[in-house]
Amino acid sequence: MSLFNLFIKSVFVDNMIFAYFLGMCSYLAVSKTVKTSFGLGVAVTFVLVVTVPINFLVNKYLLAPGTLAWLSPNFATVDLSFLTYILFIAIIAAIVQILEMVIEKFSPALYSALGIFLPLIAVNCAILGCSLFMQERGFSNVGQAAVFGLGSGLGWLLAIVGIAAIREKIRYSHIPKGLQGVGIAFIITGLMGIAFMAFMGIKL
Amino acid sequence: MSAIKKLLIEPLRKANPITVLVLGICSCLAVTAQLKPALVMGASVTVVTALSNLIISLLRKGIPSRIRIIVQLVVVATLVILVDQFLKAFVYDVSKQLSVFVGLIITNCIVMGRLEAFAMSHKPWESFLDGLGNGLGYSLILVIVAFFRELFGSGTLFGYQVVPQSFYEAGYQNNGLMILPPMALVVVGVIIWINNSKTESK
């Protein structure tokens with residue numbers, strides 16, 4: 001699969017929100033205004049581009065069955081894949097922490113723009129989900145993993161900015177009382193998901 | 001007694017983690033196309049929430065607050081690994097169906113949310129019950145959504161045919177849209193709607 005193909009597929013066809021519901025919590029909680037949701041989207045994309053390739057390397061050289069052979073031939077039969085979850089989440093939490101410090105040091109403007117979102121991202125399911133999908137699909141090199149991370153992040157950004165724009169517009173609409181707020185956001189997301197299904201089956 | 005009851009019952013309706021607090025939607029909707037994986041997922045989340053609440057509550061005095069998120073993540077991740085290995089050993093087909101979503105229990109906001117909001121400041125037994133109650137509230141919604149999606153989407157429940165053959169002969173068709181991801185969102189939206197209007201009218 002070419003990189004471009006993979007990119008388009010991860011943005012539109014396998015959209016994190018509409019196809020897998022990943023990162024829904026922050027998606028619903030933060031999507032009240034376009035500006036903040038754009039900030040969160042950028043932060044998520046950023047973290048995905050960094051963590052997915054790193055987790056790819058970890059998976060390739062540490063976790064997958066038999067890959068410890070590069071250390072010593074005695075380890076050729078070791079299978080550490082059951083440690084996947086704990087290692088991935090530890091790496092993600094650590095990288096988010098490091099990113100937060102680096103950004104604070106070198107770009108205070110970006111830091112204040114991303115603000116509280118950065119620490120929240122460690123527990124965003126889209127990040128861990130993306131790494132787990134990467135492992136499940138067995139990409140062949142780091143480039144593919146990075147492109148997959150970038151595409152998934154941009155797809156997520158697209159989704160959250162889209163719903164934020166719609167929610168800004170419907171603020172003054174007459175919505176039945178029980179449906180106001182979260183309820184209608186769910187249904188709108190469902191409708192957007194149906195629209196995104198049009199991309200299914202596209203072959204590039 | 002009534003306090004215990006309250007901890008268990010409240011998350012089912014009034015403070016339901018999904019419909020009222022809107023937590024933990026992330027990993028749950030994708031598994032509700034059929035009842036069986038939904039039930040297994042609900043049970044897994046209940047176990048993880050209850051036990052992680054218990055463990056964190058036992059440790060709560062020893063955890064420095066600066067690194068509590070990492071400590072919580074490690075405890076939760078360990079429990080999820082146990083659950084994952086258990087599922088792989090005993091219900092392999094369902095575990096294959098759930099794929100990455102078992103792992104995503106780690107970042108399920110219900111687990112983290114209860115740890116932060118309840119277990120860090122309450123006694124072990126209460127925390128355990130609170131985790132149990134929230135897990136059950138989560139499972140309840142999961143099962144309701146899965147019930148409707150499987151019934152209308154494939155005409156079955158737990159894989160058994162419930163829509164009689166004569167219906168199909170008379171021209172009844174399964175609604176294929178119900179199995180696709182977007183309808184899960186719409187179904188949850190409707191459940192929230194019903195739930196909200198019920199609690200308001202009281």
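Scroll up to find the structure this text is about.
Residues numbered from 1 in each chain as written. Chains lettered and ligands numbered in written order. Predicted model: local features only at pLDDT ≥ 70, side-chain atom pairs only at ≥ 80, totals over all residues. Heavy atoms only, no water.

A. Just the overall build of chain B, in detail. Along the backbone of chain B there are nine helices and two strands. A compact globule built from 202 residues should have a C-alpha radius of gyration of about 17 Å, and chain B, at 18 Å, falls within 12% of that. With the C-alpha coordinates aligned to their principal axes, the bounding extent of chain B is approximately 65 × 45 × 30 Å. The buried share of chain B, taken over its 202 residues, is 50%. Once local pairs closer than 6 in sequence are excluded, the contacts in chain B between residues at least 24 apart make up 76%. Roughly 9,300 Å² of accessible area belongs to chain B as shown, and the carbon and sulfur atoms make up 69% of that amount. (Helix = DSSP H or I, 4+ residues; strand = E, 2+ residues; numbered from the N terminus. Rg over C-alpha atoms; globule rule 2.2 N^0.38 Å. Buried < 20%, exposed > 50% of the residue type's maximum accessible area, 1.4 Å probe, protein only. Contact = heavy atoms within 4.5 Å. Areas by Shrake-Rupley, 256 points an atom, 1.4 Å probe, with all protein chains shown as cover.)

B. Here's a closer look at the packing of aromatic side chains. In this structure the tally under the stated criterion is seven aromatic pairs over all chains. Taking the centre distance of 6.3 Å and the plane angle of 5° together, the rings of Phe 148 of chain B and Phe 152 of chain B count as stacked. Here Phe 148 of chain B and its partner Phe 152 of chain B are both found in helix H7 (residues 124-154), four residues apart, which amounts to about one turn of the helix. By the ring-pair criterion, three or more aromatic residues cluster together here, those being Phe 12, Phe 18 and Phe 196 of chain A. (Phe/Tyr/Trp six-rings, centres within 6.5 Å; stacked < 30°, edge-to-face > 60°.)

C. How the structure looks around the packing of helix H4 (residues 34-63) of chain A against helix H9 (residues 142-169) of chain A. All names here are of chain A. Put simply, H4 and H9 touch, their axes get as near as 8 Å, and they point 165° apart. Comparing their axes, H9 and H4 come out roughly antiparallel. Regarding H4 and H9, the two cross each other, and that crossing is right-handed. Classifying every residue of the contact of H4 with H9 by side-chain character gives 22 nonpolar, six polar and one charged. (Axes fitted to C-alpha atoms, helices over the stretch in contact; angles between N-to-C directions. Parallel < 35°, antiparallel > 145°, perpendicular 65-115°, else oblique. Left-handed = near helix turned anticlockwise from the far one by under 90°. Nonpolar A, V, L, I, M, F, W, Y, C, P; charged D, E, K, R; others polar.)

D. Spatial organisation of the pattern of salt bridges. All names here are of chain A. Within this structure, the stated rule accounts for five salt bridges over all chains. Of the charged contacts, one joins Lys 9 and Asp 14 as a salt bridge, the two residues approaching to 3.4 Å between their closest N and O atoms. Given a relative accessible area of 14%, Asp 14 falls into the buried group. In this structure, a network of salt bridges that share partners links the residues Lys 9, Asp 14 and Arg 137. (Salt bridge = Lys/Arg side-chain N within 4 Å of Asp/Glu carboxyl O.)

E. Examining the layout of surface pockets more closely. The volume enclosed by the largest pocket comes to roughly 900 Å³. Along the walls of the largest pocket sit 35 residues, with Pro 119, Leu 120, Ile 121 and Val 123 of chain A together with Ile 69 of chain B positioned nearest its centre. Elements with a minimum of two residues in the lining of the largest pocket: helix H3 (24-30), helix H5 (84-106) and helix H7 (117-121) of chain A together with helix H3 (68-90) and helix H6 (109-117) of chain B. With five residues, the top contributor of residues to the lining of the largest pocket is H3 of chain A. When the residues that make up the lining of the largest pocket are grouped by side-chain class, the tally is 24 nonpolar, seven polar and four charged. The computed volume of the second largest pocket comes to approximately 430 Å³. Along its surface, the second largest pocket is lined by 17 residues, and Tyr 85, Gln 135 and Glu 136 of chain A together with Lys 88 and Ser 99 of chain B are the ones closest to its centre. When contributions to the lining of the second largest pocket are tallied by element, the ones reaching two or more residues are H5 and helix H8 (125-137) of chain A together with H3, helix H4 (92-98) and helix H5 (100-103) of chain B. Among the elements that line the lining of the second largest pocket, the one with the most residues is H3 of chain B, at four residues. (1 Å grid on protein atoms, 1.4 Å probe; cavity = no way out; pocket = protein on both sides within 12 Å on 5 of 7 lines; lining within 4 Å. Points joined across faces, edges and corners; volume = space filled by probe spheres on them.)

F. Main features of H3 of chain B. Between its first and last C-alpha, H3 of chain B extends 33 Å over 23 residues, near the 33 Å set by a 1.5 Å rise per residue. Taken together, the buried residues of H3 of chain B touch H5 of chain A together with helix H2 (35-59), H4, H5 and H6 of chain B. (Expected span 1.5 Å × (residues − 1).)

G. Looking closely at the interface of chain A and chain B. With 37 residues of chain A at the interface, the matching set in chain B holds 40 residues. At the boundary of chain A with chain B, total buried surface from both sides reaches about 3,300 Å², with 83% on carbon and sulfur atoms. It is Phe 21, Tyr 85 and Phe 186 of chain A in chain A that bury the most area against chain B; as a group they hold 23% of the surface buried on that side. One can count zero salt bridges joining chain A with chain B. Our enumeration of links across chain A and chain B arrives at one residue pair in polar contact (both at pLDDT 80 or more). Residue assignment for the side of chain A that touches chain B shows that the elements contributing at least two residues are helix H2 (16-20), H3, H5, H8 and helix H10 (182-196) of chain A. (Buried area = accessible area lost by both parts, 1.4 Å probe. Polar contact = N/O pair within 3.5 Å; in protein donor to acceptor, adjacent residues only side chain to side chain.)

H. Representation of the nonpolar core in the model. Residues and elements named next belong to chain A. Membership of the largest hydrophobic core comes to 108 residues, with the highest contact counts inside it found for Tyr 27 and Phe 186. Element by element, the count of residues in this core is highest for H5, at ten residues. Beyond its immediate chain neighbours, meaning those up to four positions away, Tyr 27 contacts Ile 17, Phe 18, Trp 156, Ala 159, Ile 160, Ile 163, Thr 189 and Met 192. (Core = buried A, V, L, I, M, F, W, Y, C linked by side-chain atoms within 4.5 Å.)

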